[in-house]
Amino acid sequence: MKREDYIFCIGYQGDSAIVDGQAKRQYAKASVDELSGKGLFKFALCAALYDKDEAAVRRIIEQYNALSGLSLKSREEIMRLLGVTEPSEAITKTVVIK
């Protein structure tokens, strides 16, 4: 699965990833910090996970906690909250929703 497809994935259907085409077009060049700064925490978290950037994951958790008043502590907690899964080799197709 390509990085941008994973970042902007909004769900799965069998072995296909469903990708938000509008968000992908608008934010494909945005950094992790730019995405989280705009409140696009799910997309930012996916970018950090794909890049294996644990420092970015910690920054996202801190920003999310500051805005929400929650006290998430781990990547697993924020992944569960935002509905994010690790990148998977089982996903072989993408469907872009315009």
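Criteria and cut-off values
- Residues numbered from 1 in each chain as written.
- Predicted model: local features only at pLDDT ≥ 70, side-chain atom pairs only at ≥ 80, totals over all residues.
- Heavy atoms only, no water.
- Axes fitted to C-alpha atoms, helices over the stretch in contact; angles between N-to-C directions.
- Helix = DSSP H or I, 4+ residues; strand = E, 2+ residues; numbered from the N terminus.
- Left-handed = near helix turned anticlockwise from the far one by under 90°.
- Contact = heavy atoms within 4.5 Å.
- Nonpolar A, V, L, I, M, F, W, Y, C, P; charged D, E, K, R; others polar.
- Core = buried A, V, L, I, M, F, W, Y, C linked by side-chain atoms within 4.5 Å.
- Buried < 20%, exposed > 50% of the residue type's maximum accessible area, 1.4 Å probe, protein only.
- Salt bridge = Lys/Arg side-chain N within 4 Å of Asp/Glu carboxyl O.

Here we look at the packing of helix 5 (residues 54-68) against helix 6 (residues 75-82)
Here's step 1: Where helix 5 contacts helix 6, the axes come no closer than 10 Å and their chain directions differ by 60 degrees. In this structure, the crossing between helix 5 and helix 6 has a hand that is left-handed. Of the residues in helix 6, those in contact with Glu54, Val57, Ile60, Ile61 and Tyr64 of helix 5 are Arg75, Ile78, Leu81 and Leu82.
Here's step 2: Residues of the contact of helix 5 with helix 6, tallied by class, amount to seven nonpolar, no polar and two charged.

A short note on the nonpolar core
Here's step 1: Membership of the largest hydrophobic core comes to 27 residues, with the highest contact counts inside it found for Leu45, Ile60, Ile78 and Val84.
Here's step 2: Broken down by element, this core gets its largest block of residues, eight residues, from helix 4 (residues 41-51).
Here's step 3: Not counting residues within four places of it along the chain, the set of residues in contact with isoleucine 60 comprises Val32, Ser36, Phe41, Ala44, Leu45, Ala48 and Ile78.

Remarks on the pattern of salt bridges
Here's step 1: For the coordinates displayed, the defined rule picks out six salt bridges.
Here's step 2: The residue arginine 59 makes a salt bridge to aspartate 33 at a minimum N-O spacing of 3.0 Å. Residue arginine 59 is found in helix 5, and its partner aspartate 33 is found in helix 3 (residues 32-37); the two are separated by 26 residues along the sequence.
Here's step 3: Using a relative accessible area of 32% as the deciding quantity, one classes arginine 59 as partly exposed.
Here's step 4: With a shortest N-O distance of 3.0 Å, arginine 75 and glutamate 86 are connected by a salt bridge. Taken together, the residues span a long stretch of sequence, with arginine 75 in helix 6 and glutamate 86 in the loop between helix 6 and strand 3 (93-97) at a distance of 11 residues.
Here's step 5: Classification of arginine 75 as partly exposed rests on a relative accessible area of 22%.
Here's step 6: Exposure remark for glutamate 86: the relative accessible area of 38% places this residue in the partly exposed category.

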